[in-house]
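Coordinate analysis (summary)
Here is how the chains run, residue by residue.
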Amino acid sequence: MDPIPLLRSAAFWPVMPTVERLGLPTQRLLDAAHVPDETFDRPDLALPERIMWALFHELREREGIDDIGFRVGLGHRVLDVPGLAGPLLGQPSLLALLRAFCHQLRGHSSEWNFWLSRTPDGVMFCRRASPIDVGEWPIEQYGITYMTDLVRMSAGPNWFSAKIWLMTAESQLR
């Protein structure tokens, strides 16, 4: 039997300000995704990652917000997630910052892996999500905004990627 992918509850914290700004029924959405009440009291609580994906699924499917992952990601910074700011602040280069993030995230998720891969032109910043059956596109959107925000921390707020490659099974994207 495969282990259950776990995620620290701090990852949920940036979602709620966006939900509230949109005027959505917060408690109904949390209940539908089975998000425990103590999620917002304890940033280090380990929860099944599927709960986060289910929350994004509820926001996309039931509320009809196709870009909810982008909205949540753009509504805060990576440094706003409890437990991430300390190790990331003051890194001397973009490469050091990305390495610190990849390392730090290992303590925040058992499956949401980020890594750097060398290419002939430089380095690719990569992410692999767990094989969860709901919410994949909003989670991809959320991951993209995290990755972009990290690069902007070093490259400047006006930096935009010339290219973003997504590798996914075509049938999974709707």
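Here is a short report on the structure shown in this document. (Residues numbered from 1 in each chain as written. Predicted model: local features only at pLDDT ≥ 70, side-chain atom pairs only at ≥ 80, totals over all residues. Heavy atoms only, no water.)

With that settled, consider the packing of helix α3 (residues 49-62) against helix α7 (residues 136-155). At a minimum axis distance of 8 Å, the contact between α3 and α7 shows a crossing angle of 105°. Relative to α7, the element α3 is oriented roughly perpendicular. For the pair α3 and α7, the contacting residues are M52, W53, F56 and R60 in the first and E136, W137, P138, I139 and Y142 in the second. The residue makeup of the contact of α3 with α7, split by class, is seven nonpolar, no polar and two charged. (Axes fitted to C-alpha atoms, helices over the stretch in contact; angles between N-to-C directions. Helix = DSSP H or I, 4+ residues; strand = E, 2+ residues; numbered from the N terminus. Parallel < 35°, antiparallel > 145°, perpendicular 65-115°, else oblique. Contact = heavy atoms within 4.5 Å. Nonpolar A, V, L, I, M, F, W, Y, C, P; charged D, E, K, R; others polar.)

Taken as a whole and judged by the stated rule, the model has six aromatic pairs. Here the aromatic rings of F70 and W137 are separated by 6.4 Å at their centres, their planes lie at 90°, and the arrangement is edge-to-face. In this pair, F70 is assigned in helix α4 (residues 68-74) and W137 in helix α7, connecting sequence segments 67 residues apart. By relative accessible area, which is 28% here, F70 ends up partly exposed. Three or more aromatic residues joined by ring pairs make a cluster, and in this case those are F56, Y142 and Y146. (Phe/Tyr/Trp six-rings, centres within 6.5 Å; stacked < 30°, edge-to-face > 60°. Buried < 20%, exposed > 50% of the residue type's maximum accessible area, 1.4 Å probe, protein only.)

Next up on the list: a negative patch on the surface. A surface patch of negative charge is lined by D31, D37, E38 and D41. With respect to the helices and strands, D31 occurs in helix α2 (residues 26-32). Classification of D31 as partly exposed rests on a relative accessible area of 45%. (Patch = residues over 30% accessible without salt bridge, like charges linked within 9 Å, V, L, I, M, F, W, Y side chains within 5 Å. Areas by Shrake-Rupley, 256 points an atom, 1.4 Å probe, with all protein chains shown as cover. Salt bridge = Lys/Arg side-chain N within 4 Å of Asp/Glu carboxyl O. Lys, Arg positive; Asp, Glu negative; His and termini not counted. Charge placed at Lys NZ, Arg CZ, Asp CG, Glu CD.)

Just distances and angles here, no functional claims.
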